[in-house]
Amino acid sequence: MKNALGTVGTVLLLGGRSEIGLAVTARLVRDGARRVVLAVRADEPPSASPSAFPFASPPAFPHAAVAALKEAGADAVHVVPFDAADPDGHAAAFRAARDRLGDVDVVIAAFGVLGSQAACERDPRAAFRSATVNFAGHVSAGLHAARLLREQGHGTLVVLSSVAGVRVRGSNLVYGAAKAGLDAFAHGLADALTGSGAHVMVVRPGFVRTRMTEGLAPAPFPATPAQVADAVAEGLRLDRRTVWVPGGLRVLFAALRLVPRPLWRRLSR
Amino acid sequence: MELPQRLLTGFGRTAPTRASVARPRSVEEVAGLLAAAAPRGLIARGLGSSYGDAAQCAGGLVVDCTGLPGRPRLDPETGRCAVGAGVSLDALMRALLPRGWFVPVTPGTRQVTVGGAVAADIHGKNHHVDGSLGHHVRSLTLVLPGGEVRTVTPESDPALFWATVGGMGLTGVITEAVVQCVPVETAFLRVDTERTRDLDHTLELMAATDDHHHYSVAWIDLAAGKGATGRGVLTRGRHARRDELPARRRGTPLAFAPATRLRAPGWAPPGLLNRHTVRAFNEAWYRRAPALRRNEIQGIAPFFHPLDGVRGWNALYGPRGLVQYQFVVPFGAEPVLRAVAGRLAAAGAVSFLAVLKRFGPGNPAPLSFPMPGWTLALDLPAGLGGLAALLTELDERVAGAGGRVYLAKDARLPASMLARMYPRLAEWDAARRAADPTGLLGSDLARRLSLSQEGRKP
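Here's a quick rundown of the structure. The shown structure was predicted, so the numbers you read here are calculated from the model rather than taken from an experiment. (Residues numbered from 1 in each chain as written. Chains lettered and ligands numbered in written order. Predicted model: local features only at pLDDT ≥ 70, side-chain atom pairs only at ≥ 80, totals over all residues. Heavy atoms only, no water.)

**Some remarks on unusual backbone geometry**
Working step 1: Going from valine 245 of chain A to proline 246 of chain A, the amide bond is cis rather than trans, its omega being -10°.
Working step 2: One can find proline 246 of chain A in the loop between strand 7 (242-245) and helix 8 (249-256).
Working step 3: Here aspartate 239 of chain A, not a glycine, exhibits a phi torsion of approximately 55°, which is positive.
Working step 4: Positive phi values are uncommon outside glycine, yet alanine 15 of chain B reaches one of about 45°.
Working step 5: When you line up the elements, alanine 15 of chain B lands in the loop between strand 1 (5-8) and strand 2 (17-22).
Working step 6: The class for alanine 15 of chain B is partly exposed, based on a relative accessible area of 24%. (Helix = DSSP H or I, 4+ residues; strand = E, 2+ residues; numbered from the N terminus. Buried < 20%, exposed > 50% of the residue type's maximum accessible area, 1.4 Å probe, protein only.)

Now the structure itself:
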C-alpha cells in the first residue's frame, strides 16, 4: 500500500534495464519499498557502455541491478520476462509480477528506445519498430496496469513520457510523435481511472544523461536519472498528475507551445 | 445484488482506496457476508474516525456497521449495558446519562462506534486510573469468518476475546458489546486547570499529582520557542456531585445536550495550518487558559470532546490531509520524550495541540496500545516535506525506548517496526489465525503492516 506520506511497499518496473527506471526504483526502495519486480526483455544483450548511475558498473544485468536494489534495502528483487513489442506476453508478465509482489503499489513504465532519426528515415521499418515500443507497447502495458490497479482499488502507474512529445520537433520526429501519443494516452487513462483508487502520473523529463543519450549534445536544462527519481518520489507523495524534470521545463514549454511555427522550426533544428 | 463502490479514507483523509461497501441491517446479514468469499479481504467500518487506513480495504469489501440494530440496553441495577457495535459513543452517552450512568472510557471524540472503540481498545483521560476500554468489556458478540455468530467473554475464550480487543477488526466483525458503565450524579465535571512553563514542568506536575485526579490530560505547545517548548495547559477533573453544581443546574443535573456543532468549511487551501498559524493558535490557546483555576464546573462535551464542537475540522488541513503520530514510551524514558519534542520543533513539524498523558497499566490484549508510561499525540499536515523520514527516525527512538505507536492513529508505520513495538504480535497472530484460518479478513492497514494472512501474501 502507498501510505499516507507517499511511501510504497512494492514496485513493478517495466523496462528493467532503463537507467531512469532503475534510479526511480532505487529511490523508492531507499524510501521504504521492500519488494521489486524488474520486467525485462529476455534476449536483450547486456549493454556495452558503462555508466555511473545508478550502478557503478552496470551492465552485468540483472545481477548488478538486483544486488544494488537489495543493497538499497529491498527484501526481494525478481526478474520476469517482458517484451514491450510483444503484447501476447504482457498478461503473463503482469501475472508473474502479481504472484511475486502481492499488491503492486507502483508500476513504472520506463521502457523505450530513442533510435536515430536518420536511421528511421533510411529505413521506415526501424521507425515502425521504434513507434511500436514507444507508443503501442505502452498502450498495451498501460491497459494491463490499469486493469490490475482498478481491481486492487489502489496503486499508481508512473509513465515515463518526455518533453519531446510536448511539441514535436522535425529533427526528432518519430520518437517525439510516439511520446506525444503516449503522453496523451496516459493523461486520458488518468481521467478514465479517476475515482477508481488507481492513479496515473505522467513524467516529462527533458534531456536526461543516460546510456540512451550518450554522445548526443545535451538540450538545455539537462537532468540526471537521480533528479528524475527525486521528482517521481515527490510526485507520488503529493499525488501529482504531471511531473516535469526539471520543474522549470513546465514554464519553458508553456512558452514554446505558443511559438509560431516558422520560429519553432528554426529553434528546434 | 451489486454493491456500491466507494473511495474511502480515514479521518486524516490520506491514501484513499476503493472498495465495495455493504451496509447490513442485521446480524444475519453480517453472517451472510462473512460466509461468502471475499478474495481481497473484508473489514468492518464504523464512523471512519480512525486517522489512517484501519477501516478501508482496497479492492475488497467494507462492512459499514452503522446500520446494525442494538439500541443500548442498560441494566440499571448493575450498570451493565449491552449495545450494538454500530452505535456511536455519542448516542450511547445520550442514552446512559439521563439514567445516571456514563461510559467507562471516552476518547477525545464521541463520533466513534462501540465496535471501533473495542477494535482499537481506546483509552481516555482516565487511563492512569481505569485502564482502556477492554478492561470494562464484559462480553463481545462476533461474527467469525464463515458466518458463525459467537459470544465471547474474557473467561469463555480469553485468547479470542483479547485478540479482538485492540485487534483492529481482524478477528471478526463485532456486532455487540456488553460494557460495565460507571454511575454518575451529574453530566458535569469538577475541573482544575493549570498552566505549565515548559515540558519539564509539565512532566513533573503530572507525575507528582496525576494520581489524585480521575481524569487528567495536558495540551502542550511544541511550537513555543526559547525554552518554553512543551509548556501547556493541564486539565484534570472528576465527575461532579449534584451538590457541587450551581443552583440553576441542580434541578437537571443529568441534562446532556451538546451544543449544535459548527461546521468547518469543506475546503481549505493547502498549507493553511503552517508553522506560523499553528504558533499563533497555540499562543492564543495557552493565553486563553487561566494560570490556575480550581473547581470549575464544566460539561462533559467541552471537557472530553472539545474538537467535536467543530464538525469536519480535519478539512482545515487541506487536500493533503493530516496524520496523527501517537506514541507511548515507558516511564523512565522521559529523555526520549524530550528528544522527540525537540526533534519535531527543530524540523518545524509543529503540531497544533499536542496531547500528553500518563498511562497506567495495560491489559492482557496483545495488540493493545497503552502501557505504563507517557503518551504523546501530534497532528501533523501530511503534505509537510520530509515528514516520512522524520517520523521513521522517531519510530526508531520510540521502539528503542521500548515504546510503540498507536495503530488506530497510524497511516505510515513501516511493517518492519511492528514486531519491535508489539512484542506479543505472534501471540495475537496465533489467535487471529485460529479465528480466521483462511485469511478472509483484511484491511489496508493489515496489508501495509503485513498484519493478516491476506496482507502476508504471497
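Okay, back to it.
**Some details on the pattern of salt bridges**
All names here are of chain B.
Working step 1: Across all of its chains, the model carries 42 salt bridges over all chains by this definition.
Working step 2: Two residues, arginine 110 and aspartate 308, come together in a salt bridge whose shortest N-O distance is 4.0 Å. Residue arginine 110 is located in the loop between strand 7 (101-102) and helix 3 (114-119), and its partner aspartate 308 is located in the loop between helix 9 (300-304) and strand 17 (310-311); the two are separated by 198 residues in the primary sequence.
Working step 3: With relative accessibility at 6%, the residue aspartate 308 sits in the buried group.
Working step 4: Linking aspartate 192 and arginine 294 is a salt bridge whose minimum nitrogen-to-oxygen distance equals 3.4 Å. With aspartate 192 in strand 12 (residues 188-196) and arginine 294 in strand 16 (residues 292-299), the pair connects residues that are 102 residues apart, well separated along the chain.
Working step 5: Each of Arg190, Arg238, Arg241, Asp243 and Glu244 takes part in one network of salt bridges that share partners. (Salt bridge = Lys/Arg side-chain N within 4 Å of Asp/Glu carboxyl O.)

**With respect to helix 13 (residues 425-435) of chain B**
All names here are of chain B.
Working step 1: All buried positions along helix 13 are accounted for by Leu425, Trp428, Asp429, Ala431, Arg432 and Ala435. The buried residues of helix 13 occupy an angular sector of 165° when the element is viewed end-on, so they sit on one face. Along helix 13, exposed side chains directed more than 90 degrees from the buried face belong to Ala426 and Ala434. (Arc of directions from axis to C-beta.)

**With respect to the packing of aromatic side chains**
Working step 1: Evaluation of the coordinates by the stated rule reveals 16 aromatic pairs over all chains.
Working step 2: A ring pair is formed by phenylalanine 82 of chain A and phenylalanine 111 of chain A, whose centres lie 5.5 Å apart and whose planes are at 55°; its orientation type is tilted. Residue phenylalanine 82 of chain A is found in the loop between strand 3 (76-81) and helix 3 (90-101), and its partner phenylalanine 111 of chain A is found in the loop between strand 4 (106-109) and helix 4 (117-122); the two are separated by 29 residues along the sequence.
Working step 3: The buried category is assigned to phenylalanine 82 of chain A, whose relative accessible area is 5%.
Working step 4: On the basis of relative accessible area, phenylalanine 111 of chain A is assigned to the buried category, the value being 7%.
Working step 5: Ring geometry for phenylalanine 11 of chain B and tryptophan 313 of chain B: centres 5.2 Å apart, planes at 65°, overall edge-to-face. One end of the pair, phenylalanine 11 of chain B, is in the loop between strand 1 and strand 2; the other, tryptophan 313 of chain B, is in the loop between strand 17 and strand 18 (322-330), and 302 residues separate them in sequence.
Working step 6: Owing to a relative accessible area of 9%, tryptophan 313 of chain B belongs among the buried residues under this scheme.
Working step 7: Following the ring pairs from residue to residue traces out a cluster consisting of Phe11, Tyr51, Trp313 and Tyr317 of chain B.
Working step 8: Between the NZ or CZ atom of lysine 125 of chain B and the centre of the ring of phenylalanine 303 of chain B, over which it lies, the distance is 4.0 Å. (Phe/Tyr/Trp six-rings, centres within 6.5 Å; stacked < 30°, edge-to-face > 60°. Lys NZ or Arg CZ within 6 Å of the ring centre and 35° of its normal.)

**Overview of the packing of helix 1 (residues 19-30) of chain A against helix 7 (residues 225-237) of chain A**
Angle between the axes and distance between the axes: these two values describe a pair of packed helices.
All names here are of chain A.
Working step 1: Two elements in contact, helix 1 and helix 7, have axes whose closest approach is 8 Å; the angle formed by their N-to-C orientations is 50°. The orientation of helix 1 with respect to helix 7, classified from their angle, is oblique. Relative to helix 7, the crossing made by helix 1 is right-handed. Side by side, helix 1 and helix 7 meet where Glu19, Ile20, Ala23, Val24, Arg27 and Leu28 of the first sit next to Pro225, Ala226, Val228, Ala229, Asp230, Val232, Ala233 and Leu236 of the second.
Working step 2: Residue classes in the contact of helix 1 with helix 7 are distributed as 11 nonpolar, no polar and three charged. (Axes fitted to C-alpha atoms, helices over the stretch in contact; angles between N-to-C directions. Parallel < 35°, antiparallel > 145°, perpendicular 65-115°, else oblique. Left-handed = near helix turned anticlockwise from the far one by under 90°. Contact = heavy atoms within 4.5 Å. Nonpolar A, V, L, I, M, F, W, Y, C, P; charged D, E, K, R; others polar.)

**Observations regarding the interface of chain A and chain B**
One widely used convention gives an interface's size as the accessible area the parts lose upon coming together.
Working step 1: The interface of chain A with chain B comprises 23 residues on the first partner and 25 residues on the second.
Working step 2: Interface area for chain A against chain B, summed over the two sides, is near 1700 Å², with a carbon-plus-sulfur share of 58%.
Working step 3: Between arginine 40 of chain B and aspartate 103 of chain A there is a salt bridge, and its shortest N-O distance comes to 2.8 Å.
Working step 4: Between the two partners, chain A and chain B, sit 11 residue pairs in polar contact (both at pLDDT 80 or more).
Working step 5: Among the elements of the structure, helix 3 and helix 5 (124-152) of chain A are those that each provide at least two residues to the side of chain A that touches chain B.
Working step 6: In terms of residues, the side of chain A that touches chain B owes the most to one element, helix 3 of chain A, which gives four residues.
Working step 7: Partitioned by chemical class, the residues of the side of chain A that touches chain B number five nonpolar, nine polar and nine charged. (Buried area = accessible area lost by both parts, 1.4 Å probe. Polar contact = N/O pair within 3.5 Å; in protein donor to acceptor, adjacent residues only side chain to side chain.)

**Observations regarding the sheet that holds strand 18 of chain B**
Strand pairing within a sheet occurs via backbone hydrogen bonds; the two strands may be parallel or antiparallel.
Residue and element names in this part refer to chain B.
Working step 1: Spatially, the eight strands line up as an open sheet ordered 16-12-14-13-19-20-18-21, and their pairing is antiparallel. In the strand order of this sheet, the two ends are held by strand 16 and strand 21 (404-405), each with one partner.
Working step 2: Here helix 10 (residues 334-346) sits on the sheet and contacts strand 18, strand 19 (354-359) and strand 20 (373-381); the angle it forms with strand 20, its principal contact strand, is near 10°.
Working step 3: Relative to the sheet, helix 11 (residues 387-400) contacts strand 18, strand 20 and strand 21, its axis offset from that of strand 18 by approximately 15°. (Pairing = 2+ DSSP bridges.)

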